[in-house]
Amino acid sequence: MPTVRVAEAADAPTLVSLVRRAYRGEGGWTTEAALLNDERIDEAQMLKKIEDPETTVHVAIDGGRIVGCCELVRLENDKVHFGTFAVEPELQAAGVGRYILAQAETAAAKMGVTCVEMAVIAQRLELIAWYQRRGYAPTGETRPFPFHALINGGALRDDLHFVVLQKSLGV
Ligand SMILES: CC(C)(COP(=O)(O)OP(=O)(O)OC[C@H]1O[C@@H](n2cnc3c(N)ncnc32)[C@H](O)[C@@H]1OP(=O)(O)O)[C@@H](O)C(=O)NCCC(=O)NCCS
């Protein structure tokens, strides 16, 4: 399995490219390419995450290259948001994603929080099922999709919205 470290500013271009390939490319077992044709994130947004004191971006390194990433955003004293989760498409479905998520949960527990939440596009049923197999459960909360904030592209359907999933750590 890869090693995981905290991202540095110099990682931003590589991470933008990775996130775009994973979320918008045709490779991999789960992608949003059928739902959106924007660029998902730009370098300024990635740098902001890396430099935000309330956010920790993790990068997974294997064979000297970045093969995955995720972020943890501190929300409240007892909760973090998990997102910007990507694995190099050609390396997906081999356990790397499961490993990065488990490492993030360990890091979250070390931050002293007891709960991890995430927001997943409701239409991505195979991904929601994957999170459910990792112990995450829908809270019943939905959140609007930020159609207005898409970069260099748009949504391919107008009914996108998020469902919130949550897991208590140590359960
Ligand atoms: C989501 C993502 C990070 C998971 O990483 P990964 O390395 O592929 O994950 P793993 O190898 O640990 O797990 C693969 C799982 O996919 C399942 N899978 C493989 N092919 C599948 C398919 N065609 N349909 C449904 N599930 C499939 C496997 O059964 C396995 O599930 P299991 O561990 O419960 O048995 C990665 O697919 C990705 O980058 N996706 C695009 C970006 C994204 O959607 N991010 C999350 C947004 S909330």
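Values in this document were obtained by computation on a predicted structure and should not be read as measured data. (Residues numbered from 1 in each chain as written. Predicted model: local features only at pLDDT ≥ 70, side-chain atom pairs only at ≥ 80, totals over all residues. Heavy atoms only, no water.)

## Observations regarding the site of the ligand
Part 1 of the argument: With respect to spatial proximity, 20 residues lie near the ligand, and among them Trp29, Phe85, Gly95, Arg98 and Arg133 are the closest.
Part 2 of the argument: At 3.3 Å from a nitrogen atom of the ligand is found a main-chain nitrogen or oxygen belonging to Thr30.
Part 3 of the argument: One of the backbone N or O atoms of Ala93 is found 2.9 Å from an oxygen atom in the ligand.
Part 4 of the argument: In isolation the ligand has 960 Å² of accessible area, and contact with the protein removes 78% of it.
Part 5 of the argument: Elements represented by at least two residues in the shell around the ligand include exactly helix 1 (12-24), strand 4 (79-87), helix 3 (96-110) and helix 4 (125-133).
Part 6 of the argument: Of the residues belonging to the shell around the ligand, the class tally is 12 nonpolar, four polar and four charged. (Near = heavy atom within 4 Å. Polar contact = N/O pair within 3.5 Å; in protein donor to acceptor, adjacent residues only side chain to side chain. Areas by Shrake-Rupley, 256 points an atom, 1.4 Å probe, with all protein chains shown as cover. Helix = DSSP H or I, 4+ residues; strand = E, 2+ residues; numbered from the N terminus. Nonpolar A, V, L, I, M, F, W, Y, C, P; charged D, E, K, R; others polar.)

## Looking at the pattern of salt bridges
Part 1 of the argument: What the rule picks out here adds up to 12 salt bridges.
Part 2 of the argument: The partner of Glu39 in a salt bridge is Arg20, with the nearest N and O atoms 3.4 Å apart. Of this pair, Glu39 sits in the loop between helix 1 and helix 2 (43-51) while Arg20 sits in helix 1, placing them 19 residues apart in sequence.
Part 3 of the argument: Residue Arg124 pairs with Glu32 through a salt bridge whose shortest N-O separation is 2.9 Å. Remark: Glu32 occurs in the loop between helix 1 and helix 2 and Arg124 occurs in the loop between strand 5 (115-121) and helix 4; sequence separation between them is 92 residues.
Part 4 of the argument: On the accessibility criterion, Arg124 (6% relative accessible area) is buried.
Part 5 of the argument: For Glu32, a relative accessible area of 5% translates into the label buried.
Part 6 of the argument: Put simply, Arg24, Glu32, Asp38 and Arg124 are held in one network by salt bridges that share partners. (Salt bridge = Lys/Arg side-chain N within 4 Å of Asp/Glu carboxyl O. Buried < 20%, exposed > 50% of the residue type's maximum accessible area, 1.4 Å probe, protein only.)

## Examining the packing of aromatic side chains
Part 1 of the argument: In this structure the tally under the stated criterion is seven aromatic pairs.
Part 2 of the argument: Aromatic pair Phe85 and Trp130: ring centres 5.8 Å apart, planes at 40°, arrangement tilted. In this pair, Phe85 is assigned in strand 4 and Trp130 in helix 4, connecting sequence segments 45 residues apart.
Part 3 of the argument: On the basis of relative accessible area, Phe85 is assigned to the buried category, the value being 15%.
Part 4 of the argument: Judged by centre distance (5.2 Å) and plane angle (70°), the rings of Trp130 and Tyr131 are edge-to-face.
Part 5 of the argument: A relative accessible area of 10% places Trp130 in the buried class.
Part 6 of the argument: Chaining the aromatic ring pairs together yields one cluster made of Phe82, Phe85, Trp130, Tyr131 and Tyr136.
Part 7 of the argument: In this structure, Arg40 packs its charged tip against the face of Tyr23, placed 4.1 Å from the ring centre.
Part 8 of the argument: Over the ring of Trp130 we find Arg134; its NZ or CZ atom is 5.0 Å from the centre of that ring. (Phe/Tyr/Trp six-rings, centres within 6.5 Å; stacked < 30°, edge-to-face > 60°. Lys NZ or Arg CZ within 6 Å of the ring centre and 35° of its normal.)

The values reported here are purely geometric and, on their own, carry no functional implication.
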